[in-house]
Amino acid sequence: MGTQTLYDKLWNAHVVRQEADGTALIYIDRHLVHEVTSPQAFEGLRLAGRKPWRIASMLAVADHNVPTTGRAQGIADPISRLQVDTLDQNCEELGITEFKMSDVRQGIVHVIGPEQGATLPGMTVVCGDSHTSTHGAFAALAFGIGTSEVEHVMATQCLLMKKAKAMRVVVDGALHKSVTAKDIALAVIGKIGTAGGTGFAIEFSGSTIRGLSMEGRMTVCNMSIEAGARAGMIAADDMTINYLKGRPFAPQGELWDKAVSYWRTLHSDDGAKFDAVVKLDAAQIKPQVTWGTSPEMVVAVDGRVPDPATMSDAVKREGAERALLYMGLKANTPIAEIKIDKVFIGSCTNARIEDLRAAAVIARGKHIAANVKLAMVVPGSGLVKRQAEQEGLDKIFIAAGFEWREPGCSMCLAMNDDKLLPGERCASTSNRNFEGRQGSGGRTHLVSPEMAAAAAIAGHFVDVSK
Amino acid sequence: MQKFTVLDGLVVPLDRANVDTDAIIPKQFLKSIKRAGFGPNLFDEWRYLDHGESGMDNSKRKPNPDFVLNQPRYQGAQILLARENFGCGSSREHAPWALEDYGFRAIIATSFADIFFNNCFKNGLLPIRLSAEQVDALFKAVAANVGYKLTIDLERQTITAPDGTVYKFEVEIFRKHCLLNGLDDISLTLQHVAEIKAYEAKRRAAQPWLFL
Ligand code: SF4
């Protein structure tokens, strides 16, 4: 076999068969399911008289549509309710494990998979959601799929795909104070662009990445899709293994030992060849803030909104002009002078316990600024919420004027009641700043949890590393 | 799935890079549990002046006259011309469903996001990558000629312009085969049940912890 990348190892271990043109049938170990991209797949399966191939590979949860307040009253919007009820019914009928809205284990699909140990090294993990790349933090091959593919995996336990090219992103060195995994992710996207990873599976490596917690690694892999890569991954090490030990879906006893010895092989071999290599120096990364309507439109917090007039590429220039118009920003405005209306701390990028702890450190003993109309903290899962409450984080946030909500996707995509009004400006720990993403006409600036909390307190962006 | 063989279609230009799937079909329409009916809400935020919600009567809404899809000369277009990184963002298959429901059969762009690109093939939509220069030339030609049509021949992998220019394009053999014949992936894969079962048995023996 020679030297292999982590991606080669994961890919080769899952090939069931291969066509002459390289299209392969890839076996899927874990299939995560949520309410938005599954109903048509269940329906298709039923119409064709098919049954899911391996029910035990599936884990379902409603996250996109669920309300973050007043859970006891159920979902007010009848269309959202129908979608969640449809998932419940499909899971009940077929015997699929589902964490219902009332279950403390309910949460964002990409938070609960790892939290339950349902994501394990060496697995192929799919979900009808682009941020499935998150699970790659566990040395898994994890990627988002469309609804037709959801149905295909249900019916056959396999997917048809071609192998991607391999990119290695190497981040070395020590991070400055309050520079986080989120800033690394945004800095990578700023460097390679939102299409820079298209056609690649990215492996993140280097001393900085190895030094990140599992939460931080998940944040980095989560944003791979924002760089255009379907998959992001990180080699397994002690950190990975310690995180998984004792989780409900993880193996135990003898099987655990056997699994661990396999997991320890899940890294790129020395001298493995990559089709592209990108290097970043951690010491150069500052807290990042996006200024436009694509995650690649990003600068350091001590920078300024760029001037489209200085851009030589016509398509880029027009894109930047349109973005500034949408965002209501003027070229050359210092980022720190941008005032915000709302703050959202949440999403599968930044709603794990470590994220909430980091934000709480900033918020402790302070109060949100008068111009901030709403600052909300939405934990990634019921278990994250419980943990945070045990640590008293909820009290810190509430005393500082933040709202403390129930878990779900919430204002990351605003399918429930949590949304921006037209023209409102938000510091958000989520992953997409597209037009209308957080509400029609809403303006999103992507930042880390520390940066979001600090912006809530100051009413405008501030450099938390200072 | 609808077959794709030869298409002689009107072209509409959408001159923006990084058109994301949130823009193609905004999230408020994803609450549907059906596959059809997304066409009227394709590009909703750009296409209408008011804010759209599912269940609204779209015929009573105010179209945005400046949005290209609303211009009389592009009515009935079946080919969408776009720039780089088309279909980025969310994996929602509602995006190709909306494009197909509206009447599009092919999208020509400099590049596509992976998941969107995949999803197109599952829905009888042909995404075609051309070079930035070729895409540029097509944008100019469309702007200059009302009623500009292109002929896309999937078998021959060619796009023929009215002036006789022929653009060759690449498509993977397997995907081409499925699209030409309107074949559905699942039945094709199920021809290999024995192989899948054999693989699964081996895997279960080697890594039993994956089958708990
Ligand atoms: S939190 Fe946002 S990005 Fe993550 S799964 Fe939910 S909607 Fe998607």
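Residues numbered from 1 in each chain as written. Chains lettered and ligands numbered in written order. Predicted model: local features only at pLDDT ≥ 70, side-chain atom pairs only at ≥ 80, totals over all residues. Heavy atoms only, no water.

(A) The arrangement of the nonpolar core in detail. Judged by nonpolar contacts, the single largest core of 115 residues is most densely connected at A:Phe402, B:Phe43, B:Phe86 and B:Leu99. If one sorts the elements of this core by residue count, helix 15 (residues 449-458) of chain A sits on top with 7 residues. (Core = buried A, V, L, I, M, F, W, Y, C linked by side-chain atoms within 4.5 Å. Buried < 20%, exposed > 50% of the residue type's maximum accessible area, 1.4 Å probe, protein only. Helix = DSSP H or I, 4+ residues; strand = E, 2+ residues; numbered from the N terminus.)

(B) Geometry of the sheet that holds strand 7 (residues 141-144) of chain A. All names here are of chain A. As summarised here, the arrangement of the 5 strands in space is 5-4-3-6-7, forming an open sheet in which the pairing is parallel. Of all strands in the sheet, those bounded by a partner on one side alone are strand 5 (97-99) and strand 7. Strand-to-strand twist of the sheet, defined as the mean angle between neighbouring strand axes without regard to direction, takes the value 20°. Alignment of strand 3 (residues 30-33) against strand 4 (residues 58-61), held across 3 bridges, turns out to be parallel. Note that in strand 4 the partner of leucine 32 across the bridge is leucine 59. (Pairing = 2+ DSSP bridges. Axes fitted to C-alpha atoms, helices over the stretch in contact; angles between N-to-C directions.)

(C) View of the layout of surface pockets. For the second largest pocket, the calculated volume is near 710 Å³. The wall of the second largest pocket is formed by 36 residues, among which A:Glu296, A:Val315, A:Lys316, B:Ala17 and B:Asn18 lie closest to the centre. Of all the secondary structure elements, the ones that give two or more residues to the lining of the second largest pocket are helix 6 (181-192) and helix 11 (314-327) of chain A together with helix 5 (132-144) of chain B. The element best represented in the lining of the second largest pocket is helix 11 of chain A, accounting for 6 residues. A breakdown of the residues in the lining of the second largest pocket according to their chemical character gives 15 nonpolar, 9 polar and 12 charged. (1 Å grid on protein atoms, 1.4 Å probe; cavity = no way out; pocket = protein on both sides within 12 Å on 5 of 7 lines; lining within 4 Å. Points joined across faces, edges and corners; volume = space filled by probe spheres on them. Nonpolar A, V, L, I, M, F, W, Y, C, P; charged D, E, K, R; others polar.)

(D) Spotlight on the site of the ligand. Residues and elements named next belong to chain A. Around the ligand, the surrounding shell consists of His64, Ile108, His110, Asp129, His131, Ser347, Cys348, Cys409, Cys412, Leu413, Asn431 and Arg437. Applying the majority rule of atoms within 2 Å of the grid points places the ligand in the largest cavity. The residue makeup of the shell around the ligand, split by class, is 5 nonpolar, 5 polar and 2 charged. (Near = heavy atom within 4 Å. Sits in = over half its atoms within 2 Å of the grid points.)

(E) Just empty space enclosed by the protein, in detail. Within this structure, the stated rule accounts for 5 cavities of 30 Å³ or more. A volume near 220 Å³ is recorded for the largest cavity. Lining of the largest cavity is provided by 24 residues; of these, A:His64, A:Asp129, A:His131, A:Leu413 and A:Arg437 occupy positions nearest its centre. Tallied by class, the residues present in the lining of the largest cavity amount to 8 nonpolar, 11 polar and 5 charged. Roughly 100 Å³ of volume is contained in the second largest cavity. Around the second largest cavity, the lining comprises 15 residues; the ones closest to its centre are A:Ile225, B:Gly89, B:Ala113, B:Asp114 and B:Ile115. Per-element tally for the lining of the second largest cavity: the top contributor is helix 4 (residues 114-121) of chain B, with 4 residues. Along the lines of polarity and charge, the residues of the lining of the second largest cavity split into 5 nonpolar, 7 polar and 3 charged.

(F) Seen up close, the packing of aromatic side chains. One pass over the full model with this rule turns up 17 aromatic pairs over all chains. Look at B:Phe112 and B:Phe116: their rings are 6.4 Å apart centre to centre, the planes differ by 15°, and that puts the pair in the stacked class. By relative accessible area, B:Phe112 is classed as buried at 1%. Among the aromatic residues, those joined into a ring-pair cluster are B:Phe86, B:Phe112, B:Phe116, B:Phe117 and B:Phe121. The residue whose ring lies beneath A:Arg247 is A:Tyr243, and the NZ or CZ to ring-centre distance is 3.9 Å. Over the ring of B:Tyr48 we find B:Arg61; its NZ or CZ atom is 3.8 Å from the centre of that ring. (Phe/Tyr/Trp six-rings, centres within 6.5 Å; stacked < 30°, edge-to-face > 60°. Lys NZ or Arg CZ within 6 Å of the ring centre and 35° of its normal.)

(G) Broad picture of helix 5 (residues 147-156) of chain A. All names here are of chain A. Taken across its 10 residues, helix 5 has 10 buried, putting it largely inside the fold. Buried residues of helix 5: Thr147, Ser148, Glu149, Val150, Glu151, His152, Val153, Met154, Ala155 and Thr156, and no others. Directly beyond the C-terminal end of helix 5, a positive phi value near 65° is found at glutamine 157.

(H) Looking closely at the side chain of A:Arg352. All names here are of chain A. By the secondary structure assignment, arginine 352 is in the loop between strand 15 (342-345) and helix 12 (353-363). No salt bridge is formed by the buried arginine 352; its nearest oppositely charged neighbour, aspartate 355, is found at 4.4 Å. Within the local environment of arginine 352, its side chain forms a polar contact with the backbone oxygen of threonine 349, the two atoms lying 3.0 Å apart. (Lys, Arg positive; Asp, Glu negative; His and termini not counted. Salt bridge = Lys/Arg side-chain N within 4 Å of Asp/Glu carboxyl O. Polar contact = N/O pair within 3.5 Å; in protein donor to acceptor, adjacent residues only side chain to side chain.)

(I) Seen up close, the pattern of salt bridges. If you walk through the whole model with that rule in mind, you get 38 salt bridges over all chains. As a salt-bridge pair, A:Asp463 and A:Lys466 come within 3.4 Å of each other at their nearest N and O atoms. Relative accessible area serves as the criterion here: at 18%, A:Asp463 is assigned to the buried category. By relative accessible area, A:Lys466 is classed as exposed at 74%. With a shortest N-O distance of 3.0 Å, B:Lys60 and B:Asp57 are connected by a salt bridge. Taken together, the shared-partner salt bridges in this structure form one network comprising A:Arg17, A:Glu19 and B:Glu195.

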